[in-house]
Amino acid sequence: MMRVAIYSNLVQLSNNVAERLKAEIDQSEKLVLDSLNPEIVISVGGDGTLLSAFHHYADISDRIRLVGIHTGHLGFYTDWRDYEVDELIASLENDNGQSETYPLLDITINYRDGGSADHALALNESTIKQVSGTLTADVYIKDQKFESFRGDGLCISTPSGSTAYNKSVGGAIINPALNALQISEISSINNRVFRTLGSPIIIPPEEWVRIVPEEGGQPVLTCDQQVISGRPIKTIEYRIAKQRVAFAQYRHTHFWQRVSNSFIGVQDD
Ligand code: NAP
């Protein structure tokens, strides 16, 4: 029996879909509901719901495969629509372990109080921003000082997160088949005193990025939808994680077709 968990947002349509899924899994001889130790996690909602599901199961994320049902338009992490429950159940019952994996962002946060460091994994991105005043921070790539940044903040994204916040701040869209991370600026100040590169940077797997915020500032750090706060940050180190996120792949939508459908509209041949 394959163990399946359902993670839904609170929208009525999502709840209805979740109830239908539960009923069909209860009837199935090959599937069983297990929200504590699942092999498959079905997220019902949007891309944001799938991000929440990923973090909800963060402790066992190396052992699960995710599946996304979108109760709105098709998303980037969601291959199934709300009216396709029967097809999805049939695919789950015929599962042979097929999966597609994407890179994750590994985040290490060191604090000025000298206490233990924090680690987190992001599926979309991490941002470092300053709400009051501007963020001033030195950016290092592979331990070499690259630039001193001043502005609203920086967005460090995964390839699959490149279509989210990164895109809104002018970053490039990266096909998740590439193992890379991207740094994009959020409203940098560029004048005779402060100068940054001004364009997004794409980092390969063997390199890493360190950000050192100026002492005394109050930067806010995010990891996908979560805010990491409370202790004064000394450095944040970003790398492509060794671990990857796995999606149960029962159908394949070409990545660029997803991009085109989402941002431009359905294209005629
Ligand atoms: P939200 O603010 O309620 O929704 C953000 C939007 O981003 C939703 O439309 C969501 O799609 C979409 N989204 C999430 N991941 C995506 C991806 N990988 N590619 C394309 N679109 C994506 O927040 P949320 O739903 O909890 O999602 C958190 C994410 O919001 C963050 O990780 C960040 O990427 C994004 N965000 C974007 C901005 C911005 O663009 N200015 C600002 C803050 C946060 P669904 O409708 O399918 O859920």
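Computed from a predicted structure; not experimentally measured.

Thresholds, definitions, all that
- Residues numbered from 1 in each chain as written.
- Predicted model: local features only at pLDDT ≥ 70, side-chain atom pairs only at ≥ 80, totals over all residues.
- Heavy atoms only, no water.
- Domains from an automatic or database assignment.
- Contact = heavy atoms within 4.5 Å.
- Buried area = accessible area lost by both parts, 1.4 Å probe.
- Salt bridge = Lys/Arg side-chain N within 4 Å of Asp/Glu carboxyl O.
- Polar contact = N/O pair within 3.5 Å; in protein donor to acceptor, adjacent residues only side chain to side chain.
- Helix = DSSP H or I, 4+ residues; strand = E, 2+ residues; numbered from the N terminus.
- Nonpolar A, V, L, I, M, F, W, Y, C, P; charged D, E, K, R; others polar.
- UniProt positions renumbered as here; feature names shortened; annotations may be inferred.
- Buried < 20%, exposed > 50% of the residue type's maximum accessible area, 1.4 Å probe, protein only.
- Lys, Arg positive; Asp, Glu negative; His and termini not counted.
- Phe/Tyr/Trp six-rings, centres within 6.5 Å; stacked < 30°, edge-to-face > 60°.
- Near = heavy atom within 4 Å.
- Areas by Shrake-Rupley, 256 points an atom, 1.4 Å probe, with all protein chains shown as cover.
- Disulfide = S-S within 2.5 Å.

A. Spotlight on the domain arrangement of the chain. Under the domain assignment, the chain is made up of domain 1 (2-98 + 249-263) and domain 2 (103-242). Computed from C-alpha coordinates alone, the two centres of domain 1 and domain 2 are separated by 30 Å. Taken together, the twelve residues of domain 1 in the interface contact 16 residues of domain 2. Roughly 1200 Å² is buried in total at the junction of domain 1 and domain 2, and carbon and sulfur atoms are behind 68% of that figure. Inspection of the domain 1/domain 2 interface yields zero salt bridges. The interface formed by domain 1 and domain 2 includes six residue pairs in polar contact (both at pLDDT 80 or more). Elements represented by at least two residues in the side of domain 1 that touches domain 2 include exactly α2 (47-56) and α5 (255-263). A per-element tally of the side of domain 1 that touches domain 2 places α2 first, with six residues. Considered class by class, the residues forming the side of domain 1 that touches domain 2 number nine nonpolar, three polar and no charged.

B. The arrangement of the UniProt feature "active site" (unreviewed entry) in the chain in detail. As recorded in UniProt, the sites labelled "active site" (unreviewed entry) are Asp47. Here Asp47 is in contact with His70, Gly75, Phe76, Tyr77 and Thr78, once residues within four sequence places are set aside.

C. Seen up close, the environment of Ile109. Topologically, Ile109 is positioned in strand β6 (residues 99-111). Between the alpha carbons of Ile109 and Glu237 there is a distance of 6.5 Å; along the sequence they are 128 residues apart. Each residue touching Ile109, except ones within four places of it in the same chain, is listed here: Ala117, Asp118, Leu221, Ile228, Ile233, Thr235 and Ile236.

D. Representation of the side chain of Glu185 in the model. Residue position: Glu185 is located in strand β11 (residues 181-188). It is Arg195 that comes nearest to the buried, bridge-free Glu185 among opposite-charge side chains, at 9.0 Å. A polar contact is formed between the side chain of Glu185 and the side chain of Ser188, at a distance of 2.6 Å. A distance of 3.0 Å separates polar atoms of two side chains, one belonging to Glu185 and the other to Thr196. In this structure Glu185 touches Glu147, Phe149, Gly153, Leu154, Val169, Thr196, Leu197, Gly198 and Ser199, once residues within four positions along its chain are discounted.

E. Looking closely at the packing of aromatic side chains. Inspection of the entire model under this criterion finds five aromatic pairs. Plain terms: the ring middles of Tyr102 and Phe247 are 5.2 Å apart, the flat faces sit at 45° to each other, and that makes the pair tilted. Of this pair, Tyr102 sits in strand β6 while Phe247 sits in strand β16 (residues 233-248), and the two are 145 residues apart along the sequence. When its relative accessible area of 11% is taken as the criterion, Tyr102 is described as buried.

F. Region of the structure containing the site of the ligand. Taken together, the neighbourhood of the ligand is formed by 17 residues, with Asp47, Glu125, Thr163, Ser168 and Gln225 sitting nearest. Within the side chain of Ser168, a nitrogen or oxygen atom sits 2.5 Å from an oxygen atom of the ligand. Considering the ligand on its own, with 840 Å² of exposed area, one finds that the protein chains cover 60% of that surface. At the level of secondary structure, the elements contributing two or more residues to the shell around the ligand comprise α2 and α4 (165-168). Looking at the shell around the ligand element by element, the count peaks at three residues for α2. Class assignment for the residues of the shell around the ligand results in five nonpolar, nine polar and three charged. Lining the shell around the ligand are residues from two domains, each supplying at least three of them: domain 1 (2-98 + 249-263) and domain 2 (103-242).

G. Quick peek at the state of the cysteines. Under the definition given, this model contains zero disulfides. Among the cysteines around Cys155, which has no disulfide bond, Cys223 carries the closest sulfur, lying 12 Å off. We classify Cys155 as buried; its relative accessible area is 0%.

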